[in-house]
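# Tertiary structure, described
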Amino acid sequence: MGFIAVDGAPRTGKTLIMTKLGYEDYSISKHQIFANYKCNFAQVVTIQRMLTMPFDEMDRDYKTLLIQEADKIFDRLRTTSEPNRLLRSLTGQSGKRNLSIIYDTQYLNKVDTSLTYYTDIVIKTASYIDASTKEPICFEYTFCKYDGQEITKIIKTIRIPTVFMRYPIDYYKLYDTYAHTMPIWDYEMVKGDINDELDAI
């Protein structure tokens, strides 16, 4: 168990490596996986559903939460907001509920401290771009020890050519990189469903 932050600029393979790590928890460690983005091996849920798990999930089965765009949801400047308040309950009880969290962000310093405080590992991302196609040809991941406030040690740096993210397992096909993240609140989904039905009339 533990918390992992994946931090980097757009198109540097953040969600890709998060999905890969989540899939390893699913296939090797047999964790239940929950995600706020479309992911083939995960139960796709709203952030509200994730955050209320400590209150209605009494089992101690191992779970991993995959949270995309954490800085947009748990902005440090909105520390008194309802999502941030529920986040404190979630992270505070993660050990009792056998919860691991992997989240990605473009700005780690903007993520609420109730999440970063429990973060053990930060993965800094970068990419190498093909000059002609402007597409990534290799991703660089630097794994760092994190004490909740700052990086204390660089553990290792690995470079993975994009071709190796497609074989033997095609991680690109395990999630939809263009899909929107799930709404924060369940009522947003209900409201959206109603609007869709009205538009169809």
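Thresholds, definitions, all that
Residues numbered from 1 in each chain as written. Predicted model: local features only at pLDDT ≥ 70, side-chain atom pairs only at ≥ 80, totals over all residues. Heavy atoms only, no water. Pairing = 2+ DSSP bridges. Helix = DSSP H or I, 4+ residues; strand = E, 2+ residues; numbered from the N terminus. Contact = heavy atoms within 4.5 Å. Axes fitted to C-alpha atoms, helices over the stretch in contact; angles between N-to-C directions. Expected span 1.5 Å × (residues − 1). Buried < 20%, exposed > 50% of the residue type's maximum accessible area, 1.4 Å probe, protein only. Salt bridge = Lys/Arg side-chain N within 4 Å of Asp/Glu carboxyl O. Core = buried A, V, L, I, M, F, W, Y, C linked by side-chain atoms within 4.5 Å.

### Notes on the sheet that holds strand β7 (residues 136-146)
Reading across the sheet, the eight strands line up as β3-β2-β4-β5-β1-β6-β7-β8 and stay open at both edges, with mixed pairing between neighbours. In this open sheet, the two strands that pair with only one neighbour each are β3 (43-44) and β8 (151-161). Pairing analysis gives four bridges linking strand β2 (residues 32-35) to strand β4 (residues 63-67), with the strands arranged parallel. Bridge assignment links phenylalanine 34 to a residue of β4, and that residue is leucine 65. Of the strands in this sheet, β1 (3-7), β2, β4, β5 (99-105), β6 (119-129) and β7 touch helix α1 (residues 14-27), which is tilted by about 165 degrees from β5.

### A short note on α1
The terminal C-alpha atoms of α1, which comprises 14 residues, lie 20 Å apart, in line with the 20 Å expected from a rise of 1.5 Å per residue. With 10 of 14 residues buried, α1 lies mostly within the body of the structure. Those residues of α1 that fall on the buried side of the exposure criterion are Lys14, Thr15, Leu16, Ile17, Met18, Thr19, Lys20, Leu21, Gly22 and Asp25. Buried residues belonging to α1 abut β1, β2, β4, β5, β6 and β7.

### With respect to the pattern of salt bridges
Per the counting criterion, the structure on display carries eight salt bridges. Aspartate 7 is the partner of lysine 124 in a salt bridge, and the nearest nitrogen-oxygen pair spans 2.6 Å. Taken as a pair, lysine 124 in strand β6 and aspartate 7 in strand β1 lie far apart in primary sequence, 117 residues in all. Judged by relative accessible area, lysine 124 falls into the partly exposed class, the value being 34%. Notably, a salt bridge pairs glutamate 69 with lysine 72, separated by 3.9 Å at the nearest N-O pair.

### A closer look at the pairing of β7
Here is the key point about a regular strand: its side chains alternate between the two faces of the sheet. Within β7, nine of the 11 residues are buried, leaving the element largely enclosed by the surrounding structure. Counting the residues in the hairpin turn of β6 and β7 gives six residues, including lysine 134, whose phi is positive at 65 degrees. Bridging between β7 and β8 involves nine bridges; their strand directions are antiparallel. What sits directly across from threonine 142, in β8, is threonine 157. What sits between β7 and β8 in their antiparallel hairpin is a turn of four residues, with glycine 148 showing a positive phi close to 95 degrees.

### Notes on the nonpolar core
Ranked by size, the top nonpolar core spans 24 residues in total, and within it Leu65, Ile67, Phe74, Ile101, Tyr103 and Leu115 carry the most contacts. Breaking this core down by element, the ones donating at least two residues are β1, α2 (47-51), β4, α4 (70-73), α5 (82-92) and β5. With residues near it in sequence (within four places) discarded, tyrosine 103 still touches Ile4, Ala5, Val6, Met18, Ile67, Ala70, Leu108, Val111, Leu115, Thr116 and Thr119. Within the second largest apolar cluster, 23 residues are counted, among which are Val6, Tyr37, Met165 and Leu174.

### Comments concerning unusual backbone geometry
Looking along the chain, the bond that leaves tyrosine 167 and enters proline 168 is cis, with omega of 5 degrees. Tracing the backbone through its elements, the reader meets proline 168 in the loop between β8 and α7 (186-200). Positive phi values are uncommon outside glycine, yet arginine 11 reaches one of about 65 degrees. By the element assignment, arginine 11 lies in the loop between β1 and α1. The phi dihedral of lysine 134 falls on the positive side, at around 65 degrees, and the residue is not glycine.

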